Amino acid sequence: MHSLKNVLPNGTPDSPAIDWSFMKHYKIAILPGDGIGSEIMAEALKVLDVVERRNPVTFDRMPGRFGASAWFETGNSFPDDTIALCDKAHAILKGPIGLGHEESKVIPIEEQPERGALLPMRRRYDTFANFRPVYLPASLSHFSPLKPEIIGNGVDIMIVRELVGGIYFGKKETGVNDRGLRYAHEVLEYDESLIKRTVDIAFDTAMKRRRLLHNIHKSNVLKSSILWTEIIDETAKEFPDVEVRHMLVDAAATHLCLDPCQFDVMVMENMFGDILSDQAGGILGSLGLMPSACVGPQKAYYEPSHGSAPDIADKNIANPYSMIGSVAMMLDMSFGMTEEAANIWQALQSVFASGYSTSDLSKPGTDCTIVSTGEFGDRVVAAL
Ligand code: NAD
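A brief report on the enclosed structure follows. None of the values given here were measured: they were computed from a predicted structure. (Residues numbered from 1 in each chain as written. Predicted model: local features only at pLDDT ≥ 70, side-chain atom pairs only at ≥ 80, totals over all residues. Heavy atoms only, no water.)

### Overview of the packing of aromatic side chains
Now for step 1: Throughout the structure, instances matching the rule amount to 11 aromatic pairs.
Now for step 2: Between the aromatic rings of phenylalanine 143 and phenylalanine 352, the centroid separation amounts to 5.1 Å while the plane-to-plane angle is 75 degrees, which identifies the pairing as edge-to-face. Taken as a pair, phenylalanine 143 in the loop between β4 (129-137) and α7 (148-151) and phenylalanine 352 in helix α13 (residues 338-353) lie far apart in primary sequence, 209 residues in all. Exposure class is identical for phenylalanine 143 and phenylalanine 352. Each is buried. (Phe/Tyr/Trp six-rings, centres within 6.5 Å; stacked < 30°, edge-to-face > 60°. Helix = DSSP H or I, 4+ residues; strand = E, 2+ residues; numbered from the N terminus. Buried < 20%, exposed > 50% of the residue type's maximum accessible area, 1.4 Å probe, protein only.)

Next up, the structure:
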């Protein structure tokens, strides 16, 4: 796993500088979010409690409102008090946000959770590098909808997604054109510095893994992908030990289903990464297995890759793996607690290995005891 302290400079005057050797007191903004957010966050905090109890460290948990729930309470999806505590925090632990399709219409378009909270958070902290591990050991291949012969020795991919550029952040305009037709105009823009910093991190990550990097692009259509690929080729000269393979994004979608084991590190622009990482969750068997880290020059936030799953909210059945895995990534990348992070990954896997899972992973014919969100968290704690 990539370590934040190795990639990024220490804090700026606006954010607390971290003394990596002595600092044992961390402020964490806790933003449960919407839907299943509070249920899976509760399990993540149980795990954080264990880590705190057995290490010379304190975690100052600073709860904040974020997303649709914040909008209903304050009229703002990313309220000022939440901004203030995120500014103060050494790291941010964030649950998923968002509402179902119909409910979302109650909130004005600009305040809807992604536009009103998530993108502003990414912009504020310039969290440009999004790490999305896609991991399923062979022993758990029965969770995947893919055949065992395709899963082989298991899936272990790191998707590195650019997170603050491209069409999600470009200029947007809607209106009625001179032919009286409604139109929408959105700009996909990257400059070379935005691409280069993500590409550097992807190569660096590849060096720490199998030294294989897939550049996912759409150079046959998009000029931005041509620039992206040029920068990949230039950077490859600085990393002669990394083998680079270029793959069109549409082909990559197919290859992820037909032969996911060929991939190790995949790097791509913002929207491609959004879509392909959800597909990657699909090949694991559930989006509930997808944690992530969103890393910027001064701050990082950690969140499940998935949304707020309104279809299963308040039922105590959501899979907390993604949220607990996000804690592991935070401990490793923001606080340098690599060993505890490894312990958490191992504890998560051991719960599955003992024959327990949440209902999202249950399949007809699999011999698995289904447990609730809370019971899954308790078993992780017991394993720790
Ligand atoms: P979703 O990711 O919430 O759910 C897709 C499917 O995966 C659903 O069937 C859901 O039940 C399942 N699922 C997701 N997480 C799970 C978990 N931990 N355990 C078990 N099952 C899980 O996608 P959606 O339904 O399209 O979106 C719901 C809302 O989430 C929307 O408002 C969307 O905009 C928002 N969203 C937010 C984020 C974020 O906060 N970063 C990311 C994606 C979507």
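That shown, we press on.
### Topic: helix α9 (residues 223-236)
Now for step 1: In this model α9 runs 20 Å from its N-terminal to its C-terminal C-alpha over 14 residues, within 8% of the 20 Å that 1.5 Å per residue would give.
Now for step 2: For α9, the set of buried residues is Ser224, Ser225, Trp228, Thr229, Ile231, Ile232 and Thr235. Looking straight down α9, one finds its buried side chains confined to an arc of 160 degrees; they lie on one side.
Now for step 3: Among the structural elements, β5 (154-162), α8 (192-207), β8 (212-217), β9 (243-248), β10 (265-268) and α11 (270-284) are those in contact with the buried residues of α9. (Expected span 1.5 Å × (residues − 1). Arc of directions from axis to C-beta. Contact = heavy atoms within 4.5 Å.)

### Digging into the packing of helix α2 (residues 37-53) against helix α12 (residues 321-333)
Now for step 1: Two elements in contact, α2 and α12, have axes whose closest approach is 8 Å; the angle formed by their N-to-C orientations is 40 degrees. On the basis of their axis angle, the class for α2 and α12 is oblique. Helix-helix and strand crossings are classified by hand; for α2 and α12 the assignment is right-handed. Seen from α2, the contacting residues are Ile40, Met41, Glu43, Ala44, Val47, Leu48 and Val51; seen from α12, they are Ser322, Met323, Ile324, Val327, Met330 and Leu331. (Axes fitted to C-alpha atoms, helices over the stretch in contact; angles between N-to-C directions. Parallel < 35°, antiparallel > 145°, perpendicular 65-115°, else oblique. Left-handed = near helix turned anticlockwise from the far one by under 90°.)

In short, shape yes, function no, at least from these values alone.
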